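Structure assessment
For reference, the chains in residue letters:
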Amino acid sequence: MVDAQPPSGTGPLGKREARLAWRLLAPTISAVALVVILPLLAIFWISVKPVQLSDLRAPEVVLREDLRGSPEAPGDEATLRYRLRNSSQDQPIVNVSIEDVIPEGLEVLLVDERCTLSGRDLRCEFGDWEPGFRETLTFPVTVSQVYFDNDIRPQDSEALVDGRSSNVLTNSTFTLDNFKRIFNGDEFFEVLWITLFYTVFGTIGALLVGLFAALLLNKSFKGQGILRGLYLFPYVSPVIAVAFAWLILFDPFSGSANALLVQMGVTDEAINFFGERPLALIMVTIFEIWRYFPLSFLFILARMQSIDTDMYEAADMDGASPFQQFWALSVPQLLGILSVLFLLRFIWTFNKFDDIFLLTGGNAGTRTLTVNVYEQAFAISNIGAGAAVAVVIFGCLLTFSLFFLKFISREEGL
């Protein structure tokens, strides 16, 4: 009898190899967790916190110390002044206190009742401060010759400030007001529709133009390399350069496109391509197609050139037309790469911010969800609402990805 061999990977050697593989992958997994997972968890955390832009810095006691009176000779009187304030307009600070060392040469004449002076060590207790609270503390002093000799001024020594405050980022206060804010009214659904229009048509358009460009360059001819380089120009050019080039080209006052349309009699007056609804949304979608079709073109062309030419020769002998050859032979071979490209381009376009922001700033009906994140977080300083929109974007993309991988990719055999 022949002894049955254990399945591959289940023996002692396989287990050691598996442990070694996990050890080798541990640095990569840790890096991915730090770069991707932790920021994602932070966004979810902030989305349920009432965080404003000013709350990103924890409340603290701001202290300014100086000597008033400009003494010029020993025996002159002056005033040692401490100006303090609560940096937060929303959060209190409890058990506020300061400690400082009085410079040599300054003799304090009167000590505030909230303070104690032991030698040159000053300590003051202020209790609890309300949001935005301000306090000015003054001590009358006389100046001796030592003060002029040692050249040490009150502002040269750093006073120690103490106080506790509740940071909205780390406390136990949670709220769903951020999500209520973004879902309130019809504004969110309008922004969602604009995002879907821009994403779907931008993705499909980039794939179709890339497919058409790949068909043109699938055959060898003179000047093919130059034309391929020109096709890559929109994708490799800096986005800020091409965006402003489009704005100048389609400017309603001095743009070449408007001048040409008027001279050809297509229109009687200049068209504000990036300032009118719904033309602005159509223009930014066309820009998306023009800028990112080279990526689809490269992948599709690489796949087309790997297809066996014998099938096309046999189909040509059978009398199949070029369109029939493309539809019956090329399309089935390209479905896999087209599916992957559609998934990637959909996710990237859904997350696209810089193109729209540079072209229209989100105005004239081009406000997508990513632009909404910027406006909520920075334009109106509501970091929590901006994070809530980002969570909605994550949920939309996760839902689409799961649907795509479960149904579409299964049908394509991926």
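Scroll up to find the structure this text is about.
Here the structure is a predicted model, which means the values were calculated and not measured.

Observations concerning the overall build of the protein
- For the protein, the helix and strand inventory stands at 13 helices and eight strands.
- Since a compact globule built from 414 residues should have a radius of gyration of about 22 Å, the 34 Å found for the protein marks it as more spread out than a globular shape.
- Principal axes of the C-alpha set define a box for the protein whose edges measure 115 × 95 × 45 Å.
- For the protein, buried positions account for 37% of its 414 residues.

A few points about the sheet that holds strand β7 (residues 134-143)
- With respect to topology, four strands assemble into an open sheet ordered β1-β2-β7-β4, the strand pairing being antiparallel. Taken across any chain shown, the strands that pair with only one partner, and hence form the sheet edges, are β1 (61-68) and β4 (106-108). Each strand axis lies, on average, 30 degrees off the axis of its neighbour in the sheet, ignoring direction.
- In this structure, β1 lies alongside strand β2 (residues 77-86), joined through eight bridges in antiparallel fashion. Counterpart to Leu 67 in the pairing with β2 is Leu 80.

Details of the state of the cysteines
- Overall, the coordinates contain one disulfide when judged by the stated rule.
- At a sulfur-sulfur separation of 2.0 Å, the disulfide partner of Cys 115 is Cys 124. With the S-S dihedral at roughly 110 degrees, the linkage between Cys 115 and Cys 124 falls on the right-handed side. One exposure class covers both Cys 115 and Cys 124, and it is buried.

Structural notes on the nonpolar core
- Core analysis: the biggest nonpolar cluster contains 23 residues, and Tyr 82, Leu 84, Cys 124, Phe 126 and Phe 139 have the highest contact counts within it.
- Looking at this core, the elements with two or more residues in it are β1, β2, β3 (93-101), β6 (121-129) and β7.
- Apart from residues no more than four positions distant in its own chain, Cys 124 is found in contact with Val 96, Ser 97, Ile 98, Arg 114, Cys 115, Leu 137 and Phe 139.

A look at the layout of surface pockets
- A volume near 370 Å³ is recorded for the largest pocket.
- Every residue along the wall of the largest pocket is listed here: Leu 215, Asn 218, Lys 219, Met 304, Gln 305, Ile 307, Thr 309, Tyr 312, Pro 322, Gln 325, Phe 326 and Ser 330.
- The leading source of residues in the lining of the largest pocket is helix α10 (residues 322-350), at four residues.
- Tallied by class, residues from the lining of the largest pocket come to six nonpolar, five polar and one charged.

Overview of a nonpolar patch on the surface
- On the surface, Val 32, Leu 34, Val 35, Val 36, Ile 37, Leu 38 and Leu 41 cluster together to form a nonpolar patch covering roughly 660 Å² of accessible area.
- Looking at where Val 36 falls in the secondary structure, it is placed in helix α1 (residues 12-47).
- Exposure remark for Val 36: the relative accessible area of 49% places this residue in the partly exposed category.

Some details on the pattern of salt bridges
- Enumeration over the complete set of coordinates arrives at twelve salt bridges.
- For the salt bridge of Glu 190 with Arg 277, the shortest nitrogen-to-oxygen distance reads 3.4 Å. With a gap of 87 residues between them, Glu 190 in helix α4 (residues 187-216) and Arg 277 in the loop between α7 (256-263) and α8 (279-304) connect regions that are remote in the sequence.
- Its relative accessible area of 58% is what places Arg 277 among the exposed residues.
- Ionic pairing is found between Glu 375 and Arg 367, a salt bridge with its closest N-O pair at 2.7 Å.
- Connected via shared salt-bridge partners are Asp 66, Arg 81 and Arg 83.

Digging into the packing of aromatic side chains
- All chains considered together, the criterion is met by 30 aromatic pairs.
- On the numbers, 3.8 Å between centres and 20 degrees between planes, the contact of Phe 346 with Phe 400 is stacked. With Phe 346 in helix α10 and Phe 400 in helix α13 (residues 383-412), this pair connects stretches of sequence that are 54 residues apart.
- Owing to a relative accessible area of 7%, Phe 346 belongs among the buried residues under this scheme.
- Taking relative accessible area as the criterion, Phe 400 reaches 16% and is therefore assigned buried.
- Ring centres of Phe 400 and Phe 404 lie 5.9 Å apart, and the angle between their planes is 35 degrees; this geometry places the pair in the tilted category. Note that Phe 400 and Phe 404 are positioned in helix α13 at a spacing of four residues, about one turn of the helix.
- Site record: aromatic cluster; members linked through ring pairs are Trp 246, Phe 250, Phe 273, Phe 274, Phe 287 and Trp 290.
- Lying across the ring of Phe 174, Lys 49 places its NZ or CZ 4.5 Å from the centre.

A word on unusual backbone geometry
- Look at the link from Arg 277 to Pro 278: it is a cis peptide, with omega at -10 degrees.
- Within the fold, Pro 278 resides in the loop between α7 and α8.
- Phi angles above zero are rare outside glycine, and Ser 70 is one such case at about 50 degrees.
- As for its position among the elements, Ser 70 is in the loop between β1 and β2.
- Positive phi is not limited to glycine here, since Ala 364 has a value of about 60 degrees.
- By the element assignment, Ala 364 lies in the loop between α11 (354-359) and α12 (369-379).

Each value, and the rule that gives it
- Residues numbered from 1 in each chain as written.
- Predicted model: local features only at pLDDT ≥ 70, side-chain atom pairs only at ≥ 80, totals over all residues.
- Heavy atoms only, no water.
- Helix = DSSP H or I, 4+ residues; strand = E, 2+ residues; numbered from the N terminus.
- Rg over C-alpha atoms; globule rule 2.2 N^0.38 Å.
- Buried < 20%, exposed > 50% of the residue type's maximum accessible area, 1.4 Å probe, protein only.
- Pairing = 2+ DSSP bridges.
- Axes fitted to C-alpha atoms, helices over the stretch in contact; angles between N-to-C directions.
- Disulfide = S-S within 2.5 Å.
- Core = buried A, V, L, I, M, F, W, Y, C linked by side-chain atoms within 4.5 Å.
- Contact = heavy atoms within 4.5 Å.
- 1 Å grid on protein atoms, 1.4 Å probe; cavity = no way out; pocket = protein on both sides within 12 Å on 5 of 7 lines; lining within 4 Å.
- Points joined across faces, edges and corners; volume = space filled by probe spheres on them.
- Nonpolar A, V, L, I, M, F, W, Y, C, P; charged D, E, K, R; others polar.
- Patch = residues over 30% accessible without salt bridge, like charges linked within 9 Å, V, L, I, M, F, W, Y side chains within 5 Å.
- Areas by Shrake-Rupley, 256 points an atom, 1.4 Å probe, with all protein chains shown as cover.
- Salt bridge = Lys/Arg side-chain N within 4 Å of Asp/Glu carboxyl O.
- Phe/Tyr/Trp six-rings, centres within 6.5 Å; stacked < 30°, edge-to-face > 60°.
- Lys NZ or Arg CZ within 6 Å of the ring centre and 35° of its normal.

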